[in-house]
Amino acid sequence: MLNVAIIGCGNISTAHIDSYLKFPERCKIVALVDIFPEKAQAKNAQYNLGAEVFDSHEAMLESGLKIDLVSNCTPPYVHASIAINCMNKGLNVLVEKPMATCLEECDAMLEAEKRNGVILTCGAQNRFLNSIAKLKAISDSKVAGKIRCAHVESLWWRGHNYHDLWWRGTWEKEGGGPTLNHAVHQIDMINWIQGELPAEVTAVLTNVMHDNSEVEDLSFAILKYADGALANVTSSVVHHGGTQSIVLQCEDAKIAAPFSVAAEKTKPNGFGEPNTELEEKIRKQYNTLPDNKYEGFAGEIDNVLTALENGTRPLITGIEGRMTVELITAIYKSGSLKQTVSLPLAKDDEFYKFEGILKNATRFYEKAKSVEELGKGEITHGSMK
Ligand SMILES: NC(=O)c1ccc[n+]([C@@H]2O[C@H](COP(=O)([O-])OP(=O)(O)OC[C@H]3O[C@@H](n4cnc5c(N)ncnc54)[C@H](O)[C@@H]3O)[C@@H](O)[C@H]2O)c1
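Residues numbered from 1 in each chain as written. Predicted model: local features only at pLDDT ≥ 70, side-chain atom pairs only at ≥ 80, totals over all residues. Heavy atoms only, no water.

## Let's talk about the overall build of the chain
Phase 1: Assigned secondary structure in the chain consists of 12 helices and 16 strands.
Phase 2: In summary, the chain has a C-alpha radius of gyration of 21 Å against a globular reference of 21 Å for 385 residues, a match within 12%.
Phase 3: Across its three principal axes, the chain shows a C-alpha extent of roughly 75 × 50 × 40 Å.
Phase 4: Burial analysis of the chain (385 residues in total) assigns 57% to the buried set.
Phase 5: Contacts in the chain between residues at least 24 apart in sequence constitute 71% of all its contacts with a sequence separation of at least 6.
Phase 6: Accessible surface computed for the chain: about 16,400 Å², of which carbon and sulfur atoms make up 51%.
Phase 7: Across the chain, the mean location of the 39 positive side-chain charges is 3 Å away from that of the 50 negative side-chain charges. (Helix = DSSP H or I, 4+ residues; strand = E, 2+ residues; numbered from the N terminus. Rg over C-alpha atoms; globule rule 2.2 N^0.38 Å. Buried < 20%, exposed > 50% of the residue type's maximum accessible area, 1.4 Å probe, protein only. Contact = heavy atoms within 4.5 Å. Areas by Shrake-Rupley, 256 points an atom, 1.4 Å probe, with all protein chains shown as cover. Lys, Arg positive; Asp, Glu negative; His and termini not counted. Charge placed at Lys NZ, Arg CZ, Asp CG, Glu CD.)

If you want it as C-alpha cells, here you go:
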C-alpha cells in the first residue's frame with residue numbers, strides 16, 4: 001500500500017484524488033497540503049479521506065508521516081522547489097504540467113531524481129487517451145509512412161477574468177500563457193510521437209483578448225525537423241468552441257486524433273485518387289488496437305503506481321517533461337526575440353534560466369487585478385476522442 005500526499009488542493013487536485021480513490025487496494029491519501037489550509041480541509045471533508053492537513057509542504061516533510069508518492073498540484077512557479085524538497089526526502093513525485101517554468105529548474109529536478117534514486121513523472125494524462133495512444137501506435141507502425149507534416153491544434157477559450165487568479169497572467173508565476181499551460185499537452189504528444197525535438201522553431205506570440213495579463217493568449221509556431229518535416233502548433237485561449245487535435249500527414253496517409261484517416265494514391269497524370277485499401281487497413285488497425293484499461297488521469301495514476309510497485313519507469317519520464325519545456329521555451333524565445341531559434345537550447349542560452357525568461361519574454365499587458373480565488377465551477381481538461 002503506497003501512501004500518497006497531495007500538495008496544492010485547488011482545481012486539478014480533484015482529478016488526482018478521484019483517480020487515487022479508484023485504486024483503494026494500492027494506495028491511500030494520507031496528507032493534504034495547501035498554503036490556504038482551509039482548501040485542504042475542504043477536500044478532506046468532501047472525500048472523507050481522514051488525511052493529515054498541512055499548511056506547507058515543509059511542515060509535511062518534517063512531520064515524519066510515511067509518504068511514498070506526492071502529487072504536486074501547485075502553480076508552475078513552485079513545481080521545481082517543492083518537487084526537489086520532496087525528492088531530497090526520498091519521496092517519489094508526480095508533478096503537474098508544466099514540469100517547471102524553465103530548463104534550469106528541469107535539470108535541477110532531474111539531478112535530484114537521480115541522486116535520490118526516486119521516480120519523477122510529469123502530468124500528461126492525455127497520453128493515456130485511447131485516441132492518442134492509438135495514433136502513436138499507428139504512427140510507430142509506419143503503415144502510413146514517414147511523417148512529413150503535422151498540424152497540432154490546442155484551441156481553448158478562457159474568459160477575461162481567468163487571469164485574475166493571483167498566480168495566473170504573469171511570467172513570474174504562471175510562466176507563460178496557453179503555449180505553456182494548455183498546449184503543453186499537445187506538445188508532449190507531438191514530441192512523444194516524433195521521438196525527437198525539431199531542429200528549429202519560428203514563432204509569433206500575441207495577446208488579443210486578455211489585457212489583464214502579461215503573457216500571450218495566442219501563439220503560432222512552425223517547427224522544422226532535422227529531416228525537413230514541418231509541424232505547426234497553434235496555442236490559444238481565444239477560440240470559441242475550443243478543440244484539440246493532432247493531424248499527421250505522412251507519406252502514404254493522413255492519420256489523426258480525434259481519429260480520422262485519408263489516403264491518396266497517384267494517378268498517371270500526377271493527380272490523386274483515394275487509396276481506399278490503405279484507408280481500410282489503417283481503420284481496421286485502429287479498431288483492433290486494444291483500449292487502455294484506464295484512460296486520462298486514471299491511466300496516469302495507474303501508470304505511476306505500477307512503476308512504484310514493480311520498480312519500472314513510468315510512461316512519462318522527467319526527461320520527456322524537460323523536452324516539452326525545451327520546445328515551449330524555444331517558442332517563447334523565437335516569439336519574443338522575433339527570430340528563428342535552433343534546438344537544443346544550450347545551458348548558456350539567455351532563456352535557459354528563469355531570470356533570462358523574465359528579462360527577455362514579451363510582456364503584453366500589466367496584470368492589474370489579482371484575486372485569491374475565482375468563482376466556483378467545473379473545469380475542463382479537453383478531449384481528443
Ligand atoms: N493536467 C491538466 O489537465 C491540468 C489542468 C488544470 C491545471 N493543471 C495544472 O495544475 C496546477 C495547478 O492548477 P490549478 O488549476 O489546480 O490551480 P489552483 O489555483 O486551482 O490550485 C493550486 C493550489 O495550490 C495551492 N498552492 C499554491 N502555492 C502553494 C505552495 N507553495 N504550497 C502548497 N500549495 C500551494 C493554492 O493555494 C491552490 O489551492 C498548475 O500547474 C496547472 O498548470 C493541470
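## Quick look at the environment of Val325
Phase 1: If you trace the backbone, Val325 turns up in helix α11 (residues 318-337).
Phase 2: By relative accessible area, Val325 is classed as buried at 2%.
Phase 3: Placed 236 residues apart in sequence, Val325 and Lys89 show a C-alpha to C-alpha distance of 25 Å.
Phase 4: Those residues within four positions of Val325 in sequence are excluded, and the remaining contacts are Met99, Ala100, Cys102, Leu103 and Cys106.

## Focus on the site of the ligand
Phase 1: In the neighbourhood of the ligand, 26 residues make up the surrounding shell, with Asn11, Asp34, Lys39, Lys97 and Trp167 lying closest.
Phase 2: Within the backbone of Ile12, one N or O atom sits 2.9 Å away from an oxygen atom of the ligand.
Phase 3: Here Lys39 contributes a side-chain N or O atom positioned 2.8 Å from an oxygen atom of the ligand.
Phase 4: Relative to its free-state accessible area of 840 Å², the ligand is covered by the protein chains to the extent of 92%.
Phase 5: Counted by class, the shell around the ligand contains 13 nonpolar, eight polar and five charged residues. (Near = heavy atom within 4 Å. Polar contact = N/O pair within 3.5 Å; in protein donor to acceptor, adjacent residues only side chain to side chain. Nonpolar A, V, L, I, M, F, W, Y, C, P; charged D, E, K, R; others polar.)

## Some details on the nonpolar core
Phase 1: In terms of nonpolar packing, the biggest core is built from 90 residues, with Met60, Val70, Met99, Met109, Leu248, Ile255 and Ile282 touching the most fellow members.
Phase 2: At seven residues, α11 tops the list of elements feeding residues into this core.
Phase 3: Ignoring anything within four residues of it in the chain, the contact list for Leu248 reads Leu135, Ser139, Ile147, Cys149, Ala150, Ile190, Ile193, Ala253, Lys254 and Ile255.
Phase 4: The next biggest cluster of nonpolar side chains, apart from the first, holds 23 residues, and it includes Val4, Cys27, Phe297 and Val304. (Core = buried A, V, L, I, M, F, W, Y, C linked by side-chain atoms within 4.5 Å.)

## Topic: the pairing of strand β8 (residues 200-206)
Phase 1: By the alternation rule, side chains of β8 split into Val201, Ala203 and Leu205, which are all buried, and Glu200, Thr202, Val204 and Thr206, of which none is buried.
Phase 2: By the bridge criterion, seven bridges tie β8 to strand β9 (residues 218-224) in an arrangement that is antiparallel. Within β9, the position partnered with Thr206 by the bridge is Leu218.
Phase 3: By the bridge criterion, two bridges tie β8 to strand β16 (residues 341-342) in an arrangement that is antiparallel. For Val201, the partnering residue across the bridge sits in β16 and is Val341. (Pairing = 2+ DSSP bridges.)

## A closer look at the side chain of His16
Phase 1: Mapping His16 onto the fold places it in helix α1 (residues 13-20).
Phase 2: Residue class for His16 comes out buried when judged on its relative accessible area of 0%.
Phase 3: Non-local contacts of His16, meaning those with residues more than four positions away in its chain, are made with Ile6, Ser71, Cys73, Leu94, Glu96, Phe297, Glu300 and Ile301.

## Side note on the packing of aromatic side chains
Phase 1: Taken as a whole and judged by the stated rule, the model has four aromatic pairs.
Phase 2: With centroids separated by 4.8 Å and ring planes inclined at 85°, the aromatic side chains of Trp171 and Tyr332 adopt a geometry described as edge-to-face. With a gap of 161 residues between them, Trp171 in the loop between β7 (147-155) and α7 (178-181) and Tyr332 in helix α11 connect regions that are remote in the sequence. Here Trp171 and Tyr332 have matching classes, each one buried.
Phase 3: One residue, Lys134, lies across the ring of Tyr286, its end atom 5.2 Å from the ring centre. (Phe/Tyr/Trp six-rings, centres within 6.5 Å; stacked < 30°, edge-to-face > 60°. Lys NZ or Arg CZ within 6 Å of the ring centre and 35° of its normal.)

## Structural notes on a nonpolar patch on the surface
Phase 1: On the surface, Trp157, Val208 and Met209 cluster together into a nonpolar patch covering about 280 Å² of accessible area.
Phase 2: Within the element layout of this structure, Val208 appears in the loop between β8 and β9.
Phase 3: Among the residues examined, Val208 registers a relative accessible area of 49% and is labelled partly exposed. (Patch = residues over 30% accessible without salt bridge, like charges linked within 9 Å, V, L, I, M, F, W, Y side chains within 5 Å. Salt bridge = Lys/Arg side-chain N within 4 Å of Asp/Glu carboxyl O.)

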